[in-house]
There are 2 protein chains.
Amino acid sequence: MSKSINRRQLGMGLIAGTGLAILDPSMLGQKNSKGTRQLDSRWSQVGPGIWKATIGSPEAISPVSSRLVEPRSEALRAATLVGKPPLSPPEGSIRPRGTSLTLPLAAGEEIYGFGLQFFSVRNRGKKRTLRVNADPRSDTGESHAPVPFYVSSLGYGVLVDTARYATFYCGGSRDKPDLAVDIESGGVLPMSTEGLYSKGLSENQSSKILVDIPGAGGVDVYLFGGPTTLDAVRRYNLFSGGGVNPPEWGLGFWYRASANATNSDLVAFAQEFRERKIPCDVLGLEPGWQTHAYSCTYVWNKERFPDPVGLIKELKSRNYHVNLWEHAFIHPSSPLFTPMVNLSGNKGVWGGLVPDFHDPKARQIFGDFHGTTLIDSGIDGFKLDECDNSDYTGAWSFSEVSQFPSGPDGEQMHSLFGLGYQSALWKQFEQRKRSTYGLVRSSGALASPYPFVLYSDLYDHRQFVRALVNSGFSGLLWCPEVRDAKSEEDLIRRLQTVVFSPLALINGWYIPSPPWKQLDRKKNNANDFAANWEKLEGRCREIIGWRMQLICYLRAAFARYATDGTPPFRALALDWPDHTGIARTEDAWMVGDRMLVAPLFAGEPGRRLTLPPGQWHNFWTGEPVAGGTTIDIPAATHKIPVFVMDGSVFPLASITNSTADPASRNLEVRVFGDGHLPFSLLTPEGDSLHLTWNAATRVGTVKQQGNYRYTVATWNSASPTDSQPA
Amino acid sequence: MSKSINRRQLGMGLIAGTGLAILDPSMLGQKNSKGTRQLDSRWSQVGPGIWKATIGSPEAISPVSSRLVEPRSEALRAATLVGKPPLSPPEGSIRPRGTSLTLPLAAGEEIYGFGLQFFSVRNRGKKRTLRVNADPRSDTGESHAPVPFYVSSLGYGVLVDTARYATFYCGGSRDKPDLAVDIESGGVLPMSTEGLYSKGLSENQSSKILVDIPGAGGVDVYLFGGPTTLDAVRRYNLFSGGGVNPPEWGLGFWYRASANATNSDLVAFAQEFRERKIPCDVLGLEPGWQTHAYSCTYVWNKERFPDPVGLIKELKSRNYHVNLWEHAFIHPSSPLFTPMVNLSGNKGVWGGLVPDFHDPKARQIFGDFHGTTLIDSGIDGFKLDECDNSDYTGAWSFSEVSQFPSGPDGEQMHSLFGLGYQSALWKQFEQRKRSTYGLVRSSGALASPYPFVLYSDLYDHRQFVRALVNSGFSGLLWCPEVRDAKSEEDLIRRLQTVVFSPLALINGWYIPSPPWKQLDRKKNNANDFAANWEKLEGRCREIIGWRMQLICYLRAAFARYATDGTPPFRALALDWPDHTGIARTEDAWMVGDRMLVAPLFAGEPGRRLTLPPGQWHNFWTGEPVAGGTTIDIPAATHKIPVFVMDGSVFPLASITNSTADPASRNLEVRVFGDGHLPFSLLTPEGDSLHLTWNAATRVGTVKQQGNYRYTVATWNSASPTDSQPA
């Protein structure tokens, strides 16, 4: 991150080098009689494999102009070369209502992205309105983290650089017909609305992407070359500043305690987890730690927490990192109120101030307070709640017509608020040369370097999985957190999902005891535990153990995210965009470069999975499964279905109570098939681990450099059997 | 309706008379450093009890400037007088993004309206985005017929005259706090999101209504005085042109046949209804009558209908009126294609043209074709489908950035399209001095005079009732149509609701036989009927009979709608705005001035109802029930709970097969209590019926004038017993 300066010019200067002169496209424009200005544009190269086209006069405030992290220039230069722009430039229209533009869309082309989407993966034929919304309830494009970036199955990506709530018509909007035809016979009509509507809508025709940006007098469009779809995402992520590489403890297990938990509750909880051997690296505190939470004071409630510094110290001594819940709206009783009152928007939320996070001074004052009062006491991260927007839950957020002193209106601020908030706190850790990893409820464009994982108050398990699948298209991370559960099976299936996600969390904010003790929310609050809870705890312990075993593998995936922008969690469509059947998968995802996770959902009659091309193995049993095979997985399957690419050398860490235990770096290396795919962990800091397997000699080799030292306890090249079958 | 001229000036000239000069409020504006112009405004009287304030430079295209029906000037002059504007004028801000304005909101004041809303009745504290949307799925303000008009419990109404998708923050948006306060103790936190969010949101504080109109450089605001809430609605409806007064046959029973029905199917169907004594005045034809339906040709499919004129004649001879389904998107094989191709927007829908209904020439050509090819053949009305907008169902509609030759963009056109479409066809009937009554899926501001009733593809019974309750706040009519049903009980409860609505319809478009023969959609299509269907048919026949009995009463309610703007179907909040408990009712409505309907919903454990003040009677039994009483109505109650005001003289028509049967004007008059509330039907055409009851002599009197002749068969002043108890 760097100081706030005019990024629009800087962004170009830093990464362009090619320095093509840009014609002012508004000079090409012609006004017609209705006040519409039709504009052509042209691509100008602004970096290796990255082009920009300008329509009209772009607004001063946009994701790129407001960026707070620099592009990863060297990595961009090192990426696969692309010669020419892989797409014709956009055509634009400027009208009093706003700017619209069209971009090409070929027959059969599929479009992915638009940020954290819960309702579908493919966008062809759909309308996507990128409005920030805490409770997206339909497939409209609204989201906690809408991103005006899409990536094509043909291997390019497009960022429409706007902080407005733009709408993308992904091929559904057609020009009017202009030729009369002969009368056709009507035939038998479909007796359903879907049947009637589907007539005249075809995804296989070439068409256009139409983008509607109300309120804007122009916009910049960025094009990211491939040649592959995954390359285009990588390039977008490197342009964003590379992927985040979280601290090792952030990849351990997380638990958020009840909102009303006290100092002694926390200590007892921390002790119980250690005694009962539930791995846990992070304990989260919910609203009750503050004197006032809606809006926030950011001040310890001394009734519940008489000695917060002592508590943090005690938790740290048991290898717990502490994460604090908050939101950004500042209560009049907060010490931050007076310094922030003139650095806030003209509307309030829950009686509190809305910080002008577009202003570096506001970020700094807000951040410094957190730094000196909380981070310096040992707090390792934050959960940034309520920073999105609300339509349904009381319309509590600031309105789109709000005005902020540094310039943005409420609409622009909603698109930028999440990242500004994250930056304010992240910077404090950076200044202290400490790492952090946290949770946030809103994000936006260019988010990949930010050490925060998205979460939400939604809870449908299938939607949670779809969000995980979609997150990787747009540089986002998503936590499908576990809260309560409808049944033991639901708890198990959700927990199996979350341990294969960027942040493995149980959020017990409204239950005082872990859900395995009592699923029923009321009974849990009454400390009325289930008779057989220790059995369920045992199953949960096993699943949380898997997470601990994965940490070395996850570190490698994140290291690659930081280095070359490859999303560590991503849709199958990114690796196999040309295999339509595989690319459509909404309920399975890749973890790293060789692991495919296909979760089960409670109450469903098993599931079906078509494996991508190539040879695969059941992760748990080693059993080979041919790529392209469609398998039916019964509902009763004990473990979550996970598959690993044939040839993988795969490290499994020892299960420890936390990542602070050096034993967590004792590895069992599993070799699937002939082991021709070595395992490499190369961190941006220079640590490396390299594991190879010689199929002929059946001998494995370990090479490593740097601070982290791993020990390989066993090489396991046989197919291990499922240790706990259903 | 009249020719298209500049209505903005005309509207004032016609109804104002007072002719106050209006200052240009933009002259009062001051630009601040961020490009915001803050504007005060002032009310200018534009009619009796109606004022207008102008902020900035209103757009040329708005509901009032595009109005196609004149205000009812004499009726407005005859309405209750209001001296001064009952509200302070709005304050506005013009920014590059659009116009915003604030209007006062007092402590405890409640706000109703915003058009056809399905999810709630009260708006205080909520955000309402008035976007046209075919499938509103959450409580956001989106709707088939959003109307930028609200009415206050304090007795005034406000129309924000915009065709933009405005957002109204009804008291939820607050200014930022500006004073620090002492730290409070946190206390125990609610363990639910709702609990946490509700802190800091109170409906009892005075606040403001904030209106966000993106894309507009100004707007006119109209204020409608009361003094009561119902008076304000009446004044708005008279300003709109008065309420519709449908033909008598329109108030009979309607049935829409299967989309694939042929000529002989229709004839057989019509015969069966007469034989089985199912009353029916209107038969509707669905898409299959056309040669091509998505998009439309408006040309008879001769395979299904070899002799349409003969069919209409035959149906007419059996006293059926014929209604034709269509939508506005013109297929290239339609004879309308060539004449309309240059009178259409630049985007197509389902491969068809989108007519520029803002252009009088487009309305005329489109209408004339219908007039000469369909209306002249005897068609009495249309069902205007798909004229709203789509976000979810394939995004099939024209985009907001569409452009139409006469000026509107797609957003404005969506707000005006439904009314322009209705007008195009209505005018054809007017030219022929024929009356019509039809169905439409989109409407907007100033809709009360249009002879069309809204419907939708939604189907939740409670939502349907809420829409009926809300429709009367904004000059709309709503049909909670019956299609299929989950159970016999569901069919009965839905049918009981629809016969107490503006249009009593079963829509069988996807089932070839009436739902009482077979509820299951698949089996119905396979002509596989339920064993006991004649029993269920009998229950349905009874309910449809109620509708026929109500027609005289409904005619009076509609006549009043036409004359003084009183909505014939309306929320209890309009009659009892000061009784908070009554005004909150979402599941009961008034029909006319003395009947309260409180439906039952299948699968629910009965219902609760608090009766408004005054004395009431059970409509079915005559049994008195005290106002203010809360009654629990068991789920097993046979009939729909209906209550009538004490003293009502209430005419019940004889049940006939159709309204064409003169026997339908034989009345049984029921007298509830002492009969001090006479019954009056005074049509705008001068027909009148006046029924009075002398409690002392126990003698009733009939006076009537005009064409329609009623006969009173019996005066029934005893409490009749329920003839068919549960």
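Everything below is about the structure printed above this text.
Residues numbered from 1 in each chain as written. Chains lettered and ligands numbered in written order. Predicted model: local features only at pLDDT ≥ 70, side-chain atom pairs only at ≥ 80, totals over all residues. Heavy atoms only, no water.

Participant: Describe the overall build of chain A, listing the residues and the values that go with them.
Facilitator: Of regular secondary structure, chain A possesses 15 helices and 36 strands. For 726 residues, the compact-globule estimate of 2.2 N^0.38 gives 27 Å, and the C-alpha radius of gyration of chain A, at 26 Å, lies within 12% of that figure. Across its three principal axes, chain A shows a C-alpha extent of roughly 75 × 65 × 55 Å. In chain A, the share of contacts with a sequence separation of at least 24, taken over all contacts with a separation of at least 6, comes to 72%. Accessible area for chain A stands at about 23400 Å²; split by element, carbon and sulfur atoms hold 51% of it. (Helix = DSSP H or I, 4+ residues; strand = E, 2+ residues; numbered from the N terminus. Rg over C-alpha atoms; globule rule 2.2 N^0.38 Å. Contact = heavy atoms within 4.5 Å. Areas by Shrake-Rupley, 256 points an atom, 1.4 Å probe, with all protein chains shown as cover.)

Participant: How would you sum up helix α4 (residues 229-240) of chain B? Please name residues and give values.
Facilitator: All names here are of chain B. Between the first and last C-alpha of α4 there are 17 Å, a value that for twelve residues agrees with the 16 Å anticipated at 1.5 Å per step. Of all twelve residues in α4, twelve are buried; the element is thus mostly enclosed. All buried positions along α4 are accounted for by Thr 229, Leu 230, Asp 231, Ala 232, Val 233, Arg 234, Arg 235, Tyr 236, Asn 237, Leu 238, Phe 239 and Ser 240. Taken from the residues just after α4, Gly 241 is the one with a positive phi, measuring 120°. (Expected span 1.5 Å × (residues − 1). Buried < 20%, exposed > 50% of the residue type's maximum accessible area, 1.4 Å probe, protein only.)

Participant: Help me get a handle on the interface of chain B and chain A, residues and values and all.
Facilitator: Across the contact, 97 residues belong to chain B and 96 residues belong to chain A. Surface buried jointly by chain B and chain A totals about 7700 Å² across both partners, of which 55% is contributed by carbon and sulfur atoms. Considering only the side of chain B, the residues that lose the most area to chain A are Arg 97, Met 191 and Tyr 197 of chain B, jointly responsible for 11% of the buried surface there. Between chain B and chain A we count six salt bridges in total. When the shortest N-O distance is used, the salt bridge between Glu 400 of chain A and Lys 127 of chain B registers 3.6 Å. On inspection of chain B and its partner chain A, the count reaches 18 residue pairs in polar contact (both at pLDDT 80 or more). Taken together, the elements giving at least two residues each to the side of chain B that touches chain A come down to β12 (174-175), α3 (193-198), β13 (207-214), α7 (337-340), β18 (347-348) and α12 (521-525) of chain B. In terms of residues, the side of chain B that touches chain A owes the most to one element, α3 of chain B, which gives three residues. Bridge count between strand β18 (residues 347-348) of chain A and β12 of chain B: two bridges; the pairing is antiparallel. Each residue of the ladder has a partner; that of Lys 347 of chain A, found in β12 of chain B, is Asp 175 of chain B. (Buried area = accessible area lost by both parts, 1.4 Å probe. Salt bridge = Lys/Arg side-chain N within 4 Å of Asp/Glu carboxyl O. Polar contact = N/O pair within 3.5 Å; in protein donor to acceptor, adjacent residues only side chain to side chain. Pairing = 2+ DSSP bridges.)

Participant: Any details on the sheet that holds strand β36 (residues 711-716) of chain A? Residues and values, ideally.
Facilitator: All names here are of chain A. In spatial order, the strands read β31-β32-β36; together these three strands make up an open sheet with mixed pairing. Two strands in the sheet have a free side with no partner beyond their single neighbour: β31 (649-653) and β36. Direction aside, neighbouring strands of the sheet carry axes that sit 30° apart on average. Packed on one face of the sheet, helix α13 (residues 533-564) meets β31 and β32 (666-671) and runs near 130° to β31. (Axes fitted to C-alpha atoms, helices over the stretch in contact; angles between N-to-C directions.)

Participant: Explain the sheet that holds strand β9 (residues 146-152) of chain A residue by residue, including any values.
Facilitator: Strand pairing in a sheet is mediated by backbone hydrogen bonds. Such pairs are either parallel or antiparallel. All names here are of chain A. Taken together, the six strands give an open sheet; going across it, the order is β3-β4-β14-β10-β9-β7, and neighbouring strands pair in antiparallel fashion. Pairing within the sheet leaves two strands with one partner each, and these edge strands are β3 (44-47) and β7 (111-115). On average, adjacent strands in this sheet sit at an angle of 25° to one another, irrespective of strand direction. Sheet topology places β9 next to strand β10 (residues 156-161); three bridges connect them, and they run antiparallel.

Participant: Describe the packing of aromatic side chains, listing the residues and the values that go with them.
Facilitator: Both the distance between ring centres and the angle between the ring planes are used here to describe each pair of aromatic rings. Scanning all chains against the criterion turns up 93 aromatic pairs over all chains. On the numbers, 4.9 Å between centres and 15° between planes, the contact of Tyr 112 of chain A with Phe 473 of chain A is stacked. In this pair, Tyr 112 of chain A sits in strand β7 while Phe 473 of chain A sits in the loop between α10 (461-471) and α11 (488-498), placing the two residues 361 residues apart along the sequence. Looking at Phe 473 of chain A, the relative accessible area reads 0%, which means it is buried. Three or more aromatic residues joined by ring pairs make a cluster, and in this case those are Tyr 294, Tyr 298, Trp 325, Phe 329, Trp 350, Phe 357, Phe 366, Trp 396, Phe 398, Phe 404, Phe 417 and Tyr 421 of chain A. Its end group placed over the ring of Tyr 459 of chain B, Arg 494 of chain B keeps NZ or CZ at 3.7 Å from the ring centre. If you follow Lys 517 of chain B out to its NZ or CZ, it ends over the ring of Trp 533 of chain B, 5.0 Å from the centre. (Phe/Tyr/Trp six-rings, centres within 6.5 Å; stacked < 30°, edge-to-face > 60°. Lys NZ or Arg CZ within 6 Å of the ring centre and 35° of its normal.)

Participant: Explain the pairing of strand β9 (residues 146-152) of chain B to me, and be specific about the residues and the numbers.
Facilitator: Residue and element names in this part refer to chain B. Extensive coverage of β9 is indicated by the burial of seven of its seven residues. Of the two faces of β9, the one carrying Pro 146, Pro 148, Tyr 150 and Ser 152 and the one carrying Val 147, Phe 149 and Val 151 are both buried. Pairing geometry for strand β7 (residues 111-115) and β9, over four bridges, is antiparallel. Paired with Ile 111 across the strands is Ser 152, a residue of β9. In this structure, the hairpin formed by β9 and strand β10 (residues 156-161) is closed by a connection of three residues, where Gly 155 is found at a positive phi of approximately 95°.

Participant: Requested: an account of the packing of helix α8 (residues 360-375) of chain B against helix α9 (residues 410-431) of chain B, with residues and values cited.
Facilitator: Each pair of packed helices gets described by two things: the angle between the helix axes and the distance between those axes. Residue and element names in this part refer to chain B. Running from amino to carboxyl end, α8 crosses α9 at an angle of 50°, the nearest separation of the two axes being 9 Å. Compared by their axis directions, α8 and α9 come out oblique. Judged by the sense of rotation from one axis to the other, the crossing of α8 with α9 is right-handed. Facing Arg 363, Gln 364, Phe 366, Gly 367, Asp 368, His 370, Gly 371 and Ile 375 of α8, the residues of α9 in contact are Gly 420, Tyr 421, Ser 423, Ala 424, Leu 425, Gln 428, Phe 429 and Gln 431. Taken together, the residues of the contact of α8 with α9 sort by class into six nonpolar, eight polar and two charged. (Parallel < 35°, antiparallel > 145°, perpendicular 65-115°, else oblique. Left-handed = near helix turned anticlockwise from the far one by under 90°. Nonpolar A, V, L, I, M, F, W, Y, C, P; charged D, E, K, R; others polar.)

Participant: Go over the packing of helix α4 (residues 229-240) of chain A against α13 of chain A, please, and point to the residues and values.
Facilitator: All names here are of chain A. At a closest axis distance of 8 Å, the pairing of α4 and α13 adopts a crossing angle of 75°. In terms of their interaxial angle, α4 and α13 are classed as roughly perpendicular. Here Arg 234, Asn 237 and Leu 238 of α4 lie close against α13, whose contacting residues are Arg 560, Tyr 561, Thr 563 and Asp 564. Looking at side-chain class alone, the contact of α4 with α13 contains two nonpolar, two polar and three charged residues.

By themselves, these figures tell us nothing about what the structure is for.
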